[in-house]
Amino acid sequence: MKLKLLIKVFPELKEEFEDFTSWQDGWAAGAILTFENVFFPFIETSFKNNEEDNINRIINFIEENLDTDSEYQINTFVIGIIEPIWYSDFKEQFMKKALPKTLKYFEKFENYKS
């Protein structure tokens, strides 16, 4: 999975990632749980504080990782990131910034939930 890339793009999450995975098998930790417990809170804080630099990195990271043929990777991003954002109080703010592939998966998720 893209956990190493997550830390490369968001080095400020390294300590939190290590704390979260210390009781697990480190890099073998489940990507969905890592996204939900480490990356999502960062996304939420960035949007609530209008941290444009972080928001741009988040938007690009998600978009780039949804541009794949890997069903596992897409499912991981949809379940670990898109679904929590869907239920968040900053969903509309996120959707205004989201790029085409991300919006496509939000639409699919919306259709699934309907």
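Given the structure is predicted, the values throughout are model-derived calculations rather than measurements.

**Student:** Could you clarify how one ought to interpret helix α5 (residues 71–86) in this entry?
**Tutor:** An α-helical segment advances 3.6 residues per turn. Residues three or four places apart therefore align on the same side. The axis of α5 is deflected most strongly, by about 35°, at valine 78. Within α5, burial applies to Gln73, Ile74, Thr76, Phe77, Val78, Gly80, Ile81, Ile82, Pro84, Ile85 and Trp86. Contacts from the buried residues of α5 go to α3 (31–48), α4 (52–66), α6 (91–97) and α7 (100–113).

**Student:** I keep staring at the side chain of lysine 91 and nothing clicks. Help me out?
**Tutor:** With respect to the secondary-structure elements, lysine 91 resides in helix α6. Buried lysine 91, no salt bridge; nearest opposite-charge side chain is glutamate 92, N-O distance 4.2 Å. If we skip the residues at most four places from it in the chain, lysine 91 touches Ile85 and Trp86.

**Student:** Please explain the packing of aromatic side chains as it appears in this structure.
**Tutor:** Aromatic ring pairs are defined here through the distance separating the ring centres and the angle between the ring planes. The final tally for this structure, using the stated rule, is 15 aromatic pairs. Each ring, one from phenylalanine 10 and one from phenylalanine 42, has its centre 5.4 Å from the other, and the planes form 65°; the classification is edge-to-face. With a gap of 32 residues between them, phenylalanine 10 in the loop between α1 (3–9) and α2 (14–21) and phenylalanine 42 in helix α3 connect regions that are remote in the sequence. On the numbers, 5.9 Å between centres and 25° between planes, the contact of phenylalanine 40 with phenylalanine 90 is stacked. On the criterion of sequence distance, the pair formed by phenylalanine 40 in helix α3 and phenylalanine 90 in the loop between α5 and α6 is long-range, its members being 50 residues apart. The residues phenylalanine 40 and phenylalanine 90 share a single accessibility class, namely buried. Members of the aromatic cluster, connected to one another through ring pairs, are Phe40, Phe47, Trp86, Tyr87, Phe90, Phe94, Phe106 and Phe109. Residue placement shows lysine 91 over the ring face of tryptophan 86; its charged tip is 3.2 Å from the ring centre.

**Student:** When you look at the pattern of salt bridges in this model, what are you seeing that I'm missing?
**Tutor:** When charged atoms on two side chains of opposite charge get close, those side chains can pair. Applying the stated criterion across every chain yields a total of 7 salt bridges. One salt bridge in this structure joins glutamate 52 and lysine 97, with 3.0 Å as the shortest N-O distance. In this pair, glutamate 52 sits in helix α4 while lysine 97 sits in helix α6, placing the two residues 45 residues apart along the sequence. By relative accessible area, which is 37% here, glutamate 52 ends up partly exposed. The exposure class of lysine 97 is partly exposed, given its relative accessible area of 31%. Taken together, the salt bridges that share partners define one network made up of Glu12, Asp53 and Arg57.

**Student:** How should I be thinking about the packing of α2 against α3 in this particular structure?
**Tutor:** In a pair of packed helices, the angle between the axes and the distance between the axes together describe the arrangement. Remark: α2 packs on α3, axes separated minimally by 10 Å, with the N-to-C direction vectors making an angle of 130°. Relative to α3, α2 is oriented oblique. Pair α2 / α3 crosses with right-handed handedness. Touching Glu16, Phe17, Phe20 and Thr21 of α2 are Leu33, Thr34, Asn37 and Val38, all from α3. Among the residues making up the contact of α2 with α3, the classes are represented as 4 nonpolar, 3 polar and 1 charged.

Criteria and cut-off values
Residues numbered from 1 in each chain as written. Predicted model: local features only at pLDDT ≥ 70, side-chain atom pairs only at ≥ 80, totals over all residues. Heavy atoms only, no water. Bend = angle between axes of the 7 residues up to and from the residue. Helix = DSSP H or I, 4+ residues; strand = E, 2+ residues; numbered from the N terminus. Buried < 20%, exposed > 50% of the residue type's maximum accessible area, 1.4 Å probe, protein only. Contact = heavy atoms within 4.5 Å. Lys, Arg positive; Asp, Glu negative; His and termini not counted. Salt bridge = Lys/Arg side-chain N within 4 Å of Asp/Glu carboxyl O. Phe/Tyr/Trp six-rings, centres within 6.5 Å; stacked < 30°, edge-to-face > 60°. Lys NZ or Arg CZ within 6 Å of the ring centre and 35° of its normal. Axes fitted to C-alpha atoms, helices over the stretch in contact; angles between N-to-C directions. Parallel < 35°, antiparallel > 145°, perpendicular 65-115°, else oblique. Left-handed = near helix turned anticlockwise from the far one by under 90°. Nonpolar A, V, L, I, M, F, W, Y, C, P; charged D, E, K, R; others polar.

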